[in-house]
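# Reading the structure
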Amino acid sequence: MSRQEAVLATPEIDETTRRGGDGATDRRGRRLLRCWLLESRAEFLKVVRMPAYAIPTILFPAMFYILFGLSFGAGQQAGSVSMSTYLLATYGAFGVLGAALFGFGVGVAIERGQGWMLLKRASPMPVGVYFAAKMVMALLMSIVIVALLTGLGLAFGDVPFEPATLAGLAGMLLIGALPFCAFGLLLGIFLGPNSAPAVVNLIYLPMAFASGMWIPLPALPEFFQRLAPYLPAYHYSQLALGTIGADDSRPALLHVAALCVFVVLCLLGAAWAWRRDEDRTYG
Amino acid sequence: MRRIPNERGFAAELESASKRYGDVVALDAVDLQLRHGQTTAILGANGAGKTTTVKLLLGLIRPSSGTVRLYGDDPTRPRVRTRTGSMMQISSLPATLRVVELIDLWRSYYPAPLDRGEVVELAGLSGLERRLYGKLSGGQQQRVCFALALSGDPDLLFLDEPTVGLDVETRRNFWAQIRRLVEQGKTIVLTTHYLEEADALSDRIVVLHEGSICADGTPHQIKSAAASRRIRCVTRVRVDEALAIAGVRQAYHDKAVLEILAAEAEPVVRELLARDPGLSQLEITGAGIEDAFLDLTGSQRREDAA
Ligand SMILES: Nc1ncnc2c1ncn2[C@@H]1O[C@H](COP(=O)(O)OP(=O)(O)OP(=O)(O)O)[C@@H](O)[C@H]1O
Ligand SMILES: [Mg+2]
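Residues numbered from 1 in each chain as written. Chains lettered and ligands numbered in written order. Predicted model: local features only at pLDDT ≥ 70, side-chain atom pairs only at ≥ 80, totals over all residues. Heavy atoms only, no water.

Secondary structure summary: chain A contains 13 helices and two strands in total. Its C-alpha atoms put chain A at 80 × 40 × 35 Å along the principal axes. Here chain A, with 283 residues, has 47% of them falling under the buried criterion. Taking contacts inside chain A between residues at least 6 apart in sequence as the whole, the part at least 24 apart equals 76%. Accessible surface, chain A: about 13,100 Å² in total, of which carbon and sulfur atoms supply 71%. (Helix = DSSP H or I, 4+ residues; strand = E, 2+ residues; numbered from the N terminus. Buried < 20%, exposed > 50% of the residue type's maximum accessible area, 1.4 Å probe, protein only. Contact = heavy atoms within 4.5 Å. Areas by Shrake-Rupley, 256 points an atom, 1.4 Å probe, with all protein chains shown as cover.)

And the structure:
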């Protein structure tokens, strides 16, 4: 009650505090940070309390790695490294790609169809914060996936225990989550809430295969070897393979440039799709 | 006690705003201006366009034609959104988050939110703070949605059918909370199917019918119009004579039958019988709120057709 009276007595002061008078940017920055932390916490709690959605994203790459990398690949070589080391890089990339496309892309698409998103859109929630929180979740999932695969490879495969190399690989795999979060963002905004999971699978699985994430690219038919440079996932897995000295001979800069162009295209597409989406209410 | 905000302009405006979904005209060139501190109830049947009006004002959809302004500005602006709070008709919140987690998250969206405890208290959620949203009853979930609408201490509240599914007691409590907000000078827009609710809460009732405003007035005006009686009879009394009788609002011929809409039936019938003792087929029915206004619009249409 007394607060209300204070507002009554000094409407101008109220207005300036609303807009943020002194140290406005500072306060705004702190507010955004707090908002981002809470939004990320909410995302995290949703996943932890209802893990059914997240578990396949984590177990899928692990299962593939066990089958192809550790069982069939046991004792084999892929170029200069052991098959289990080579496939650690590519299945790691496969897992991170999945976390970005499903955790981020499908997550956003499904939420767009729910009344919850409509309510959020009516609120002053900073949209960037919402996406940044989704990205935190995709990164956390990626960390779990990369750690799990590395552990499996060390314990059951011929992955040499070289901390510096493994750290470099893990770092590259996690950085690679960023361009695919941009792709996830585009798909999340562009696709319909109901069709998103199916469409994302149709992009994810063939692209991963054709980029040499399941079976080393040199072992694939020539058609795929010629197609691969047009796929962003190829450039990503090559960068990951580069950290263990198992990439093909193209320069790393080319891969980085290709991924940068890809990110820009995704963000432009996402901005366009976001505007288009404004007038559609699914909720 | 009631505080009227000292601000210029309107809190919200629709200027000949239309919204079409394909062939469906959800809203047809509606003009509506909401004053600061006013509580407006939008009343109408299913599909009348209530939710569409709210979504337009919240900037969730764009008008097919016409303009929408919130505080003189584009409603999609974040700066404007910090001044509004809303409760949508359909809003499934994440089932796995706790009540306080939802409230804290929502408070973080606003620059000057209410204290968490205050929100919990205002929305009647004491004792339920630690519960998962999915484990609450429908009415309790509704209160969480109300809590979110309040949490940012907004100046303007949109409540789309806030009391659907609430039991009588909860509904009364809810009304009491809304009255408290009104006293604080909040501008409120709420939609409802019930005249009783609109009357209990609002300063102004806007009746929507098939995407157009068919009545707009104080609860008193709307109620008395809604309480009117419809009289039908076959008589020699002419339309202009009938209109001259005290208490008659409308009179027109429906084929051979004279139809009259009046505040009270008895004095009018007495007068009719005095003028035409041969009057026959007398029928008196109540005209409920919708009937009363459908009649207004319907009779216009009948005249247009003639
Ligand atoms: N997304 C949409 N696509 C197509 N038609 C729509 C859409 N939303 C609403 N409509 C139509 O617009 C009209 C007005 O709908 P609106 O939701 O505004 O009604 P309402 O007054 O809120 O009804 P209720 O009391 O049932 O909530 C209806 O005929 C409805 O079918
Ligand atoms: Mg509605």
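Our next topic: the overall build of chain B. If you tally the helices and strands in chain B, you get eleven helices and 13 strands. Viewed in the frame of its principal axes, chain B has a C-alpha envelope of about 75 × 40 × 40 Å. The burial tally for chain B puts 54% of its 306 residues in the buried class. Relative to all contacts within chain B whose residues are 6 or more apart in sequence, the contacts with residues 24 or more apart total 67%.

Each partner contributes residues to the interface: chain B has 41 residues there, and chain A has 34 residues. Together, the buried faces of chain B and chain A total about 3,500 Å²; carbon and sulfur atoms form 58% of this surface. At the boundary of chain B with chain A, the tally comes to one salt bridge. Counting the contacts that link chain B with chain A gives six residue pairs in polar contact (both at pLDDT 80 or more). Contributing elements (two or more residues each) for the side of chain B that touches chain A: β1 (12–21), α2 (78–81), β5 (84–87) and α3 (99–107) of chain B. Partitioned by chemical class, the residues of the side of chain B that touches chain A number 21 nonpolar, eight polar and twelve charged. (Buried area = accessible area lost by both parts, 1.4 Å probe. Salt bridge = Lys/Arg side-chain N within 4 Å of Asp/Glu carboxyl O. Polar contact = N/O pair within 3.5 Å; in protein donor to acceptor, adjacent residues only side chain to side chain. Nonpolar A, V, L, I, M, F, W, Y, C, P; charged D, E, K, R; others polar.)

A word on the packing of helix α3 (residues 24–49) of chain A against α3(B). In contact at an axis separation of 9 Å, α3(A) and α3(B) are set at 150 degrees when each is read in the N-to-C sense. Compared by their axis directions, α3(A) and α3(B) come out roughly antiparallel. Our pair here, α3(A) against α3(B), has a crossing hand that is left-handed. Residue-level inspection shows Arg34(A), Leu38(A), Glu39(A), Arg41(A), Ala42(A), Leu45(A) and Arg49(A) of α3(A) in contact with α3(B), the latter providing Glu101(B), Asp104(B), Leu105(B) and Arg107(B). When grouped by side-chain class, the residues that make up the contact of α3(A) with α3(B) number four nonpolar, no polar and seven charged. (Axes fitted to C-alpha atoms, helices over the stretch in contact; angles between N-to-C directions. Parallel < 35°, antiparallel > 145°, perpendicular 65-115°, else oblique. Left-handed = near helix turned anticlockwise from the far one by under 90°.)

The next point concerns the pairing of strand β2 (residues 24–34) of chain B. Residue and element names in this part refer to chain B. As judged from the seven bridges shared by β1 and β2, these two strands associate in the antiparallel manner. For alanine 12, the partnering residue across the bridge sits in β2 and is leucine 34. Here β1 folds back onto β2 in antiparallel fashion, the turn holding two residues, of which glycine 22 has a positive phi close to 60 degrees. (Pairing = 2+ DSSP bridges.)

Our next topic: the site of ligand 1. Residues and elements named next belong to chain B. If you check the shell around ligand 1, you find 14 residues, and the closest are Gly47, Lys50, Thr51, Thr52 and His193. Between ligand 1 and asparagine 46, the relevant distance is 2.8 Å, taken from an oxygen atom to a side-chain nitrogen or oxygen of the residue. Contact between ligand 1 and threonine 51: an oxygen atom at 2.7 Å from a side-chain N or O atom of the residue. Here ligand 1 loses 66% of its free accessible area of 640 Å² to cover by the protein chains. Counting only elements with at least two residues in the shell around ligand 1, the list comes to β2 and α1 (50–57). Counting residues per element, the shell around ligand 1 draws most heavily on α1, at three residues. (Near = heavy atom within 4 Å.)

Okay, the packing of aromatic side chains next. The final tally for this structure, using the stated rule, is 25 aromatic pairs over all chains. Geometrically, the ring pair formed by Phe64(A) and Phe68(A) is edge-to-face, given 5.9 Å between the ring centres and 65 degrees between the ring planes. Of this pair, Phe64(A) and Phe68(A) both sit in helix α4 (residues 54–72), separated by four residues, roughly a single helical turn. Owing to a relative accessible area of 32%, Phe68(A) belongs among the partly exposed residues under this scheme. Its guanidinium or amino end placed over the ring of Tyr21(B), Lys19(B) lies 5.3 Å from that ring's centre, counting from NZ or CZ. The ring of Tyr71(B) has Arg83(B) lying over it, and the distance from NZ or CZ to the ring centre is 3.7 Å. (Phe/Tyr/Trp six-rings, centres within 6.5 Å; stacked < 30°, edge-to-face > 60°. Lys NZ or Arg CZ within 6 Å of the ring centre and 35° of its normal.)

This part is about the sheet that holds strand β3 (residues 39–44) of chain B. Within a sheet, each strand pairs with its neighbour through backbone hydrogen bonds, oriented either parallel or antiparallel. Residue and element names in this part refer to chain B. Strand order across the open sheet formed by six strands is β5-β6-β7-β3-β8-β9, with mixed pairing between neighbours. Strands at the two margins of the open sheet, each flanked by one partner only, are β5 and β9 (212–217). Here the strands of the sheet are splayed against their neighbours by 15 degrees on average, with no regard to which way each runs. Relative to β9, helix α8 (residues 219–226) is tilted by about 110 degrees, and along the sheet it contacts β8 (204–209) and β9.

All names here are of chain A. Looking at the element boundaries, leucine 148 is found in helix α7 (residues 127–156). Take leucine 148: its relative accessible area is 31%, and that puts it in the partly exposed class. Each C-alpha atom of the pair leucine 148 and glycine 98 lies 15 Å from the other, and the pair is 50 residues apart in sequence. Non-local contacts of leucine 148, meaning those with residues more than four positions away in its chain, are made with Ile58 and Ala62.

Residue and element names in this part refer to chain A. Relative to the helices and strands, histidine 235 resides in helix α12 (residues 232–242). The class for histidine 235 is buried, based on a relative accessible area of 5%. Within the local environment of histidine 235, its side chain forms a polar contact with the backbone oxygen of proline 229, the two atoms lying 2.8 Å apart. Residues within four places of histidine 235 in sequence aside, it is in contact with Pro229, Leu254, His255, Ala258 and Leu259.

Attention now goes to α1(B). Residues and elements named next belong to chain B. Here α1 lies mainly inside the structure; seven of its eight residues are buried. Of all the residues in α1, the buried ones are Lys50, Thr52, Thr53, Val54, Lys55, Leu56 and Leu57. Of the residues one or two after α1, glycine 59 is the one with positive phi, at around 70 degrees.

Below, the discussion takes up helix α6 (residues 115–122) of chain A. Most of α6(A) sits out of view: eight of its eight residues are buried. Here α6(A) has its buried residues at Gly115(A), Trp116(A), Met117(A), Leu118(A), Leu119(A), Lys120(A), Arg121(A) and Ala122(A).

Turning our attention to the pattern of salt bridges. Residues and elements named next belong to chain B. Enumeration over the complete set of coordinates arrives at 31 salt bridges over all chains. For the salt bridge of arginine 77 with aspartate 73, the shortest nitrogen-to-oxygen distance reads 3.3 Å. Accessibility expressed as a relative area gives 40% for arginine 77, which makes it partly exposed. For the salt bridge of arginine 79 with aspartate 73, the shortest nitrogen-to-oxygen distance reads 3.3 Å. Residue class for aspartate 73 comes out buried when judged on its relative accessible area of 14%. Through salt bridges with shared partners, a single ionic network connects Arg230, Arg232, Asp254, Glu259 and Glu283.

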